[in-house]
Amino acid sequence: MQSFNPPIRTLMGPGPSDVHPRILSAMARPTIGHLDPEFVRMMDEVKTLLKYAFQTENEMTMPVSAPGSAGMETCFVNLVEPGDKVIVCINGVFGGRMKENVERTGGVCVEVHDDWGTVVSPEKLEAALIANPDAKIVAFVHAETSTGACSDVKTLCEIAHKYNCLTIVDSVTGLAGVPLKIDEWNVDAVYSGTQKCLSCTPGLSPVSFNERALEKVRNRKTKVQSWFLDLNLVMGYWGQGVKRAYHHTAPVNALYALHESLVMLKEEGLENSWARHAAMHAKLRDGLEAMGIKFLVNENDRLPQLNSVWIPEGVDDAAVRAELLNTYNLEIGAGLGALAGKVWRIGLMGFSAKEENVLFFLSALKAVLNK
Ligand SMILES: *Cc1c(COP(=O)(O)O)cnc(C)c1O
């Protein structure tokens, strides 16, 4: 056995995205105690910066010490009580994962399906709410990474609230890549990830809960079945102003990385980050369309940071991706589920969303296809 030295890749898949060197070096700084006053000070800054990233004043805004799926689970285990009816809108892989979460918390799942590659239909959601007046929660994915479709969070939340439901929104891929306004759009609970448009290392999941959601958590009749993800306990550790109580050992160095990535987001400005993702998408789109390659998702519904394109007729999916990886150290994503072998998923997330990457990818793909 020897030290592991990973190859230097360019990451243009569905995540993780390229991590900025500033973030990697932040991670290599000395580990200190997780109750050290200096560490606690940094935790408070992480919370403040996350509030900015989510555009929220929610006090309960913090990173869960585990990847995006744990943020998802945090929302469902805290908000769903056994017997609660939850409407889950499914237009890709991650809506399907939400359904799994509802069922495992003892909730009753009502599925509302939309075709993969399309957005969540507000009309179908409203019809499901009318048909299920006892529904308590509506859950959907903002940025469906399995297809590249961007759903209308504001409208879907408005409809859910009209029928007195709480909303759980997955914005793992949305955060920092496309507009996301938790307070203005009235999102009750949201979770994200660090390894997509924040360009940080994988392993943390920023979440935010508003008062309405916390009210439901406080008034539960049953204990949250996950000790680790129980917000009542986690908040004792991440709470503002209160004396920190030991809950679990925070992933100290991973939090240095998140802090640095959020400082970088603040330096650039959220609006500028959204604009950069849109501009890089436009360049990629022009280049791909010039090669005759078509997109899965309608132009107006597209995520700039996740581009699903149809694999040209007669082209060997796996061979092209292997050649890109082996010859160019360039990673793109494969299709999932029914789209496996039919689409490629090209990520332009965070630090990966830059002109040199777009040009590099287009020329590498051209070279491989010509061969
Ligand atoms: C990546 C992703 C997740 C899961 O995040 P992990 O960090 O892989 O656990 C959940 N939802 C969406 C939309 C994602 O893109």
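These numbers were taken from a predicted model, which means no experiment stands behind them.

### Here we look at the pairing of strand β5 (residues 135–141)
Moving on, step 1. Burial of β5 is extensive: 6 of the 7 residues sit out of reach of the surface.
Moving on, step 2. Direction of pairing for strand β3 (residues 85–90) relative to β5: parallel, over a ladder of 4 bridges. Bridging across to β5, V86 finds its partner in I137.
Moving on, step 3. Where β5 meets strand β8 (residues 166–170), 5 bridges bridge the pair, whose relative direction is parallel. Looking at the pairing, V141 lines up with D170 of β8.

### Observations concerning the packing of helix α11 (residues 317–328) against helix α12 (residues 355–370)
Moving on, step 1. It is the contact of α11 with α12, at a shortest axis distance of 10 Å, that shows an interaxial angle of 120°. Both α11 and α12 take part in a crossing whose hand is right-handed. Along the contact surface, α11 presents V320, E323, L324 and Y328, while α12 presents F360, F361, A364, L365, A367, V368 and L369.
Moving on, step 2. Its residues assigned to classes, the contact of α11 with α12 shows 10 nonpolar, no polar and 1 charged.

### With respect to the pattern of salt bridges
Moving on, step 1. Counted according to the given criterion, the structure contains 26 salt bridges.
Moving on, step 2. A salt bridge links K99 to E103; the nearest nitrogen and oxygen atoms lie 3.8 Å apart. Placement of both K99 and E103 in helix α4 (residues 93–104) is noted, with a separation of 4 residues, approximately one turn of the helix.
Moving on, step 3. The salt bridge involving D317 is made with R321; its shortest N-O contact spans 2.9 Å. One end of the pair, D317, and the other, R321, are both in helix α11, 4 residues apart, so they sit about a helical turn from each other.
Moving on, step 4. Connected through shared salt-bridge partners, R22, R29, E260 and E267 make up one network.

### Notes on the side chain of K196
Moving on, step 1. Along the chain, the position of K196 falls in the loop between β9 (189–191) and β10 (205–209).
Moving on, step 2. For the buried K196, no salt bridge exists, and the shortest N-O distance to an oppositely charged side chain is 7.4 Å, to D170.

### Thoughts on the nonpolar core
Moving on, step 1. Of all hydrophobic cores here, the largest spans 94 residues; its most connected members are F76, L79, I87, F140, I168, F209 and L262.
Moving on, step 2. Ranked by the residues each element gives to this core, the list is headed by helix α9 (residues 252–268), at 9 residues.
Moving on, step 3. Each of domain 1 (10–15 + 271–370) and domain 2 (21–266) accounts for three or more of the residues forming this core.
Moving on, step 4. When residues no more than four places from it in sequence are discounted, the contact partners of F209 are N58, M60, T74, C75, L79, D188, A189, L214 and L231.
Moving on, step 5. Core analysis: the next-biggest nonpolar cluster, separate from the first, contains 22 residues, V309, I311, A353 and F361 among them.

Thresholds applied
Residues numbered from 1 in each chain as written. Predicted model: local features only at pLDDT ≥ 70, side-chain atom pairs only at ≥ 80, totals over all residues. Heavy atoms only, no water. Buried < 20%, exposed > 50% of the residue type's maximum accessible area, 1.4 Å probe, protein only. Helix = DSSP H or I, 4+ residues; strand = E, 2+ residues; numbered from the N terminus. Pairing = 2+ DSSP bridges. Axes fitted to C-alpha atoms, helices over the stretch in contact; angles between N-to-C directions. Left-handed = near helix turned anticlockwise from the far one by under 90°. Contact = heavy atoms within 4.5 Å. Nonpolar A, V, L, I, M, F, W, Y, C, P; charged D, E, K, R; others polar. Salt bridge = Lys/Arg side-chain N within 4 Å of Asp/Glu carboxyl O. Lys, Arg positive; Asp, Glu negative; His and termini not counted. Core = buried A, V, L, I, M, F, W, Y, C linked by side-chain atoms within 4.5 Å. Domains from an automatic or database assignment.

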